[in-house]
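What the coordinates show
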Amino acid sequence: MSTDSHLSKWNRRHAEAETQGSVAQVLLRNLHLLPASGKALDLACGRGANALLLAKSGLETHAWDFSDIAIERLAATAQEEGVDVMAQTRDVVAEPPEADSFDVILVSFFLERTLVPHLIRALRPGGRIFYQTFVKDVYLDRGPGSTAWRLDHNELLHLFQELQIHYYREDGTVCSEPDEVSDLAMLVASRGEE
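Small disclaimer: the values here were computed from a predicted structure and weren't measured.

**Here we look at the pattern of salt bridges**
This structure, assessed with the given rule, holds six salt bridges. Its salt-bridge partner being R90, residue E95 comes within 3.9 Å of it at the nearest N-O pair. What makes R90 buried here is its relative accessible area of 7%. R191 is paired through a salt bridge with D100; the nearest N and O atoms lie 2.4 Å apart. Taken together, the residues R191 in the segment after β7 (184-190) and D100 in the loop between β3 (85-89) and β4 (102-108) connect sequence positions 91 residues apart.

**What to know about the pairing of β3**
Successive residues of a regular strand alternate their side chains across the two faces of the sheet. Pairing of strand β2 (residues 60-65) with β3, which is carried by five bridges, proceeds in the parallel orientation. In the strand pairing of β3, T61 is matched with V85.

**Here's the deal with the pairing of strand β1 (residues 39-43)**
The buried count for β1 comes to four of five residues, which makes it a mostly enclosed element. Of the pairings in the sheet, the one linking β1 to β2 comprises five bridges and is parallel in character. Looking at the pairing, L41 lines up with H62 of β2. Remark: the β1/helix α3 (residues 49-56)/β2 crossover connection has right-handed handedness. Bridge count for β1 against β4 is four bridges, and the pairing is parallel. Within the sheet, the bridge partner assigned to L43 lies in β4 and is V107.

**Focus on the packing of aromatic side chains**
Within this structure, the stated rule accounts for two aromatic pairs. Taking the centre distance of 5.9 Å and the plane angle of 80° together, the rings of W64 and F102 count as edge-to-face. Here the residue W64 occupies a position in strand β2, and F102 occupies one in strand β4, the gap between them amounting to 38 residues. We classify F102 as buried; its relative accessible area is 2%.

**Here we look at the packing of α3 against helix α4 (residues 68-81)**
One can describe the packing of α3 onto α4 by two numbers: an axis separation of 10 Å at closest approach and a directional angle of 35°. As for how α3 packs across α4, the hand of that crossing is right-handed. Of α4, the residues touching α3 (which contributes A51, L52 and K56) are L74, T77, A78 and E81.

**Thoughts on the environment of L54**
Considering the arrangement of structural elements, one finds L54 in helix α3. With relative accessibility at 0%, the residue L54 sits in the buried group. Between the C-alpha atoms of L54 and L41, which are 13 residues apart in sequence, the distance is 8.7 Å. If we ignore the near neighbours within four places in the chain, the residues touching L54 are L27, L34, A40, D42, L59, T61, V104 and L106.

What counts, and at which threshold
- Counting restarts for each chain: residues are numbered from 1 in the order of the written sequence.
- With the structure being a predicted model, the display of local features is reserved for residues of pLDDT at least 70 and the display and counting of side-chain atom pairs for 80 or more, all residues being used for whole-chain, interface and lining totals.
- As a convention, hydrogens and water are excluded, and side-chain values are obtained from all of the structure's heavy atoms.
- Between Lys or Arg on one side and Asp or Glu on the other, a salt bridge is scored when a side-chain nitrogen of the former is within 4 Å of a carboxyl oxygen of the latter.
- Residue exposure (1.4 Å probe, protein chains only): buried if accessible area is under 20% of the type maximum, exposed if over 50%, otherwise partly exposed.
- The helix count covers DSSP runs of H or I at least four residues long, the strand count covers runs of E at least two residues long, and both are numbered beginning at the N terminus.
- The pairing criterion is simple: DSSP has to find at least two bridges between the two strands.
- A clockwise path from the first strand over the helix to the second, with the strands pointing away from the viewer, defines a right-handed crossover.
- Pairing of aromatic rings covers Phe, Tyr and the six-membered ring of Trp, with a centre-to-centre limit of 6.5 Å; geometry is then stacked below 30 degrees between planes, edge-to-face above 60, and tilted otherwise.
- For helices, the axis comes from a line fit to the C-alpha atoms of the stretch in contact; other axes are also lines fit to C-alpha atoms, and the angle between any two N-to-C directions lies between 0 and 180 degrees.
- A clockwise turn of the near helix away from the far one marks a right-handed crossing, whereas an anticlockwise turn of less than a right angle marks a left-handed crossing.
- Only heavy atoms enter the contact rule, under which two residues are in contact if any of them lie within 4.5 Å.

Below is the structure:
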């Protein structure tokens, strides 16, 4: 799929969506791991449900997505709710975050493996990454159809192995009954203090 058709597809989805989306389960289940203050990034933010929660939690919040429609919707909602979110249209693969720039990075339902080293470097000392995306074991009818955009078993742990892991969940095939996280890997990890 070309970049233009990929962008058109996502712009159409964001334009037709009725809500801001749902807050990531990895964030909801680990709000206690957010710092009291600092600079946060919702990477590939979509319509920004996570960015809005990060901003309401007292963090200076930046939100990036390559869909201008998603960013417009997030900016409008943030203004309506009286929340400060610095929303920016940005191709995060071509222009990843700079080193030592964020205390929190949240990534939800976006998998670009080549970005992982950039994300690790973008964390400030003590900074935390909250990450969730789909695994190859499919229980619910959602997520990418291609296994290239789904994680292998324990791949998320491997990708962030140099960080200190605070939380990890990946039920995989041991799940007896599907729920909202059955087909997800979720991780919270931090860069050591220097």
